[in-house]
Amino acid sequence: MKTISRGERWLALLSQNAPRLGGLCPSVQVADADLDGESVRYIAVVPDENNHFPRAAGGEVGLMEGWTLAKVVKETVAADASAERKRPIIAVIDVPSQAYGRREEAFGIHQALAASAAAWAEARLAGHPVIGLIVGKAMSGAFLAHGYQSNRLIAFNDPGVMVHAMGQASAARITLRSVEALIELASTVPPMAYDVKNYQTLGLLDELLNIAKPDEPGEAEKQQVIESLIRQIKDARDGDNSLQHRLRGENRRSSALVRERMRAAW
């Protein structure tokens, strides 16, 4: 029996089980649906146990996923090029990692993921309200390629949500610590922490939602997320297309100061 990931479950719920866009690799699902009277495009990366690249079978973002995301987002931008009001694009985010493997490295996973990240940025700069909805894991290069370039980021306040540049076991090896010691250190250094509340202090999240049943959502949970999406789409349209607002977090004062001094020096 196929296991349905959080990302796939929420994409189906929010898109009202709309038909998936055809002609794509099975691990990238795209659905168009109505939201508050306008068409919205939902995009998610989901597990595919039959993935041609085994390292991407668990929902990781690999070669096929990176290039497919770039294709879909760029085609969306091109289709709306002459539209006065660009349609919102929602990245439903539940990605455990980029796909690690020799084949991925040899065939240029860095280019595939860079293409995806660039496409999302292009959509944002073209005037599309790009919203990242973190329903599960948002890890490593996978998050950079799928969702990090969003105008606004929403996340569930739930233990199943994890945001970080590196998995705990890998980070422990790199820092020459045990996982337990790493977790203890992370409790005092927010950028090293994995829980979403610490991530929120970095100023990168625009909204944190308390969802009662993230794994078995019903109409109440769906409506809660829809209302948040509507708020953030409006906020994205009313604001600028940059990500400057992310420097306003309580733990970003040094980042803002460094940028200010670099601008003055240059």
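Residues numbered from 1 in each chain as written. Predicted model: local features only at pLDDT ≥ 70, side-chain atom pairs only at ≥ 80, totals over all residues. Heavy atoms only, no water.

**A few points about helix α2 (residues 63-79)**
Between its first and last C-alpha atoms α2 spans 24 Å; for 17 residues at 1.5 Å apiece the expected length is 24 Å, and the two agree. The complete set of buried residues in α2 reads L63, E65, G66, T68, L69, A70, V72, V73, T76 and V77. Packed against the buried residues of α2 are β1 (28-35), β2 (38-45), β3 (89-95), α3 (102-106), α4 (109-125) and α5 (140-145). (Helix = DSSP H or I, 4+ residues; strand = E, 2+ residues; numbered from the N terminus. Expected span 1.5 Å × (residues − 1). Buried < 20%, exposed > 50% of the residue type's maximum accessible area, 1.4 Å probe, protein only. Contact = heavy atoms within 4.5 Å.)

**Section: unusual backbone geometry**
Generally, phi is negative for residues other than glycine and the peptide bonds are trans, each holding for most cases. With a phi angle near 60°, Q16 is a residue other than glycine that sits in the positive phi range. Looking at the secondary structure, you find Q16 in the loop between α1 (6-14) and β1. Even without glycine at this site, S140 takes up a positive phi of about 55°. As for its placement among the helices and strands, S140 is situated in helix α5. Given a relative accessible area of 11%, S140 falls into the buried group.

**What about the packing of α2 against α4?**
Contact geometry of α2 with α4 gives a least axis separation of 8 Å together with a crossing angle of 25°. The angle between α2 and α4 falls in the class roughly parallel. As for the relative orientation of α2 and α4, their crossing is left-handed in sense. When α2 is examined against α4, the residues L63, G66, W67, L69, A70, V73, K74 and V77 are found in contact with a partner set consisting of I109, Q111, A112, L113, A115, S116, A119, W120, E122 and A123. Broken down by class, the residue content of the contact of α2 with α4 amounts to 13 nonpolar, three polar and two charged. (Axes fitted to C-alpha atoms, helices over the stretch in contact; angles between N-to-C directions. Parallel < 35°, antiparallel > 145°, perpendicular 65-115°, else oblique. Left-handed = near helix turned anticlockwise from the far one by under 90°. Nonpolar A, V, L, I, M, F, W, Y, C, P; charged D, E, K, R; others polar.)

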